[in-house]
Amino acid sequence: MDNKIEMYKEMVLKGEKLEKEQAMELLTVDLDELCKAADEIRKAFCDNKFDMCTIINGKSGRCSENCKYCAQAACHKTEVENYPLLSTEEILEDAKKIESQGVRRYSIVTSGKRLNAAEVDQMCECIKKLREETNLHVCGSFGLLDKEAFGKLKEAGLTRVHNNLETSRRYFPDVCTTHTFDDKIAAITAAKEAGLEVCSGGIMGIGETMEDRIDMALEVRRLGVHSVPVNMLNAIPGTPYENEPRLTTDEMRRIVAVYRFLLPDAFIRLAGGRGLMEDKGRGCMESGANAAISGDMLTTSGITVKTDFQLLVIPSSFPFHSNHEEKGLSTTPSFFVYALFADCPVTDIPENTNTVMTKNHVLIDTGNILRANIHGINITEECESRCLGKFFLE
C-alpha cells in the first residue's frame, strides 16, 4: 500500500483529523488502494451498520429559488409535476408501504425556500400520525426554517433535518443566488439548536473542483453533521446544468473514499444519481460509503428497495458482511439485524417476515421477527454453519 495512504489511514484510526492539505494529497494516489483503506476506516468506526432511507416528494415544483441543478425551480423550463403539500393520508399510505419493505427511515421533502407557518403546522400533524401508526424514523427537508419552527417539528416527532450545503462556500454563488451559503449554515445551526439531527452533503459534477468537494466535507465536519449525502448530478433537460458531463464511477469512488478519511464516523450516503452508475453504487459501498437513499428520487427514478437489498446480499468480500465467526441470529435495540445464509434449507418462515431471496441465498430480517414476537423459524445446524455474517440496517 502507498506509504501516504497507510500513514493517513493510521492517523485516522488513532483519532486524528486529516486537514485539507493532507486530503488533497489523496487525489493522486492509487485509487484501489485508497478505496481499500477507506473501507477499513469505515469498518473500524462504523462496523457493519448500513443506513437506508427513502424519500417522498411532499410538495413539488414552483420553487422560488434558482438552484441550477434543480428541476423544481420555477425559473427553469422543465417538465416537473407541480402540486401543493400532500395530505397526511397520502403520505401515511406511502410510508406504510415503505415500512413493509423493510426500510426504517422515511423523509418528507418539500420544494420552496421554506415552508410557511400553516405548512409547518400541517407537517407537524402529519409527523404525529406517522409516529403513531408506524415505527419509522421520520426526517424532513423543509427549507430554511428557524429554530422555533424546527422545535415544533421535533416536538411532533421529527428526528432529523436534511439541508444540503450542495458545494463549497467558494463555489456556492455559481450554483444559487437566491439564498446564500450562510443561509444554509444558519438553518443547519437552528435545527441542531432545536435538538434535531442533521443530514447535509452536496452534489458532485456541477462544475466544482475536487478542492471544493473537500472544502464542503470540512464544513460538514465543522458543523458536526454525521449523515452526509453524496449526490452525483443527474443532468435534467431545461436546467442550466443539462449539458454537464456525467462523472465516472471511479471519480465517485475517489470522492467517497476521501470523504471517509475526513469523516470517519459518518453515514456517507449515496443519493441522487446512483442509478446512473453501472454498478448502482456497489463500488462506492466498497470504498467507504455506508448509507443510501433507496427508491425514487424527487424528480428522477431511483433504485427499488428490493434491488438494494439484493445488492447488499450479493456474496463476495462485500463490506457489509460480518466476519464468518459471527454465527446465528441476534439483534440490538437500534438496528434491524439481517443475517445472510448461503445455499441452505430455511423452513417455516412466517408470511410477514421480511426476506429477500436470491438464487442461492436467503436474507432474513431477524429484527422484524423479534419485534413482532414471532416464533417458529427452523434454521438447521447445517444452515447456521453457512451463515456468511450479519449487517445492521438502521
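Within each chain, residues carry numbers counting from 1 in the order of the written sequence. Thresholds applied to this predicted model are a pLDDT of at least 70 for local features of residues and 80 or more for the giving and counting of side-chain atom pairs; totals over whole chains, interfaces and linings are not thresholded and use all residues. No hydrogens and no water enter the side-chain calculation; it runs on all heavy atoms of the structure.

Participant: A description of the overall build of the protein should follow, citing residues and the corresponding values.
Facilitator: We count a stretch as a helix when DSSP gives it H or I for four or more residues in a row; a strand needs E for two or more, and each element gets its number in order from the N terminus. A tally of regular secondary structure across the protein gives 14 helices and 15 strands. Every residue pair with non-hydrogen atoms within 4.5 Å of one another is taken to be in contact. For the protein, the proportion of contacts with a sequence separation of at least 24, taken over those separated by at least 6, is 75%. Per-residue accessibility takes into account occlusion by the displayed protein chains alone, with areas from the Shrake-Rupley method and a 1.4 Å probe. Of the roughly 16,900 Å² of accessible surface on the protein, a fraction of 48% belongs to carbon and sulfur atoms.

Participant: Residues and numbers for the pairing of strand β3 (residues 137-141), please.
Facilitator: Here's how the labels work: a residue is buried when its accessible area is under 20% of the maximum for its type, exposed when over 50%, partly exposed in between, all with a 1.4 Å probe on protein chains only. Of all 5 residues in β3, 4 are buried; the element is thus mostly enclosed. Here, strands pair whenever DSSP counts at least two bridges between them. Pairing geometry for strand β2 (residues 105-110) and β3, over 5 bridges, is parallel. When the sheet's bridge partners are listed, Tyr106 is paired in β3 with Val138. Here the term right-handed applies to a crossover when the path leading from its first strand over the helix to its second strand runs clockwise, the strands being oriented away from the viewer. Read as a crossover between parallel neighbours, the route from β2 over helix α5 (residues 117-133) to β3 is right-handed. When β3 meets strand β4 (residues 160-162), the two strands line up parallel, connected through 2 bridges. Across the sheet, Gly140 pairs through a bridge with Val161, a residue of β4. Crossover β3 to β4 through helix α6 (residues 147-156) is right-handed.

Participant: I'd love a proper account of the confidence of the model for the protein, names of residues and values included.
Facilitator: Mean pLDDT over the protein: 82, with 76% of residues reaching 70 or higher. Within the model, pLDDT remains below 50 along residues 314-338, and this stretch shows 97 contacts once partners closer than five positions in the same chain are excluded. In this model residues 366-382 is a low-confidence stretch, pLDDT under 50, and it forms 33 contacts with partners more than four residues away in sequence or in other chains. One number per residue, pLDDT, summarises how confident the predictor is, and it ranges from 0 to 100.

Participant: Could you give me a rundown of the pairing of strand β7 (residues 227-232), with the residues and numbers involved?
Facilitator: The buried fraction of β7 amounts to 6 of the 6 residues, a majority that puts the element mostly inside the structure. Neither face of β7 is exposed, since Ser227, Pro229 and Asn231 on one face and Val228, Val230 and Met232 on the opposite face are all buried. On the question of chirality, the crossover connecting strand β6 (residues 202-204) to the parallel β7 by way of helix α9 (residues 210-223) is right-handed. Note on the crossover from β7 through helix α10 (residues 249-262) to strand β8 (residues 267-270): the handedness is right-handed.

Participant: Can you lay out α6 for me, pointing to particular residues and giving the numbers?
Facilitator: Within α6, the full set of buried residues consists of Ala149, Phe150, Leu153 and Ala156. One face of α6 carries all of its buried residues, which in axial projection span an arc of 120°. Summarising the geometry of α6, the exposed residues directed more than 90 degrees from the buried face are Glu148 and Glu155. Elements in contact with the buried residues of α6: α5, β4 and α8 (181-193). Residue Gly157 follows α6 closely and has a positive phi angle near 125°. It is the directions from the helix axis to the C-beta atoms whose arc is reported.

Participant: An account of the state of the cysteines is requested, with residue identities and associated values reported.
Facilitator: Simply put, disulfide is the name for a covalent bond between the sulfur atoms of two cysteines. Sulfur atoms of two cysteines make up a disulfide when they are within 2.5 Å. Within the structure shown, the criterion is met by 0 disulfides. Of all cysteine sulfurs in the structure, the one in Cys63 sits closest to Cys75, which takes part in no disulfide; the separation is 8.4 Å. Overall, the relative accessible area of 51% leaves Cys75 in the exposed class. In this structure Cys139 is a free cysteine whose sulfur lies 6.7 Å from that of Cys53, the closest cysteine sulfur available. On the basis of relative accessible area, Cys139 is assigned to the buried category, the value being 5%.

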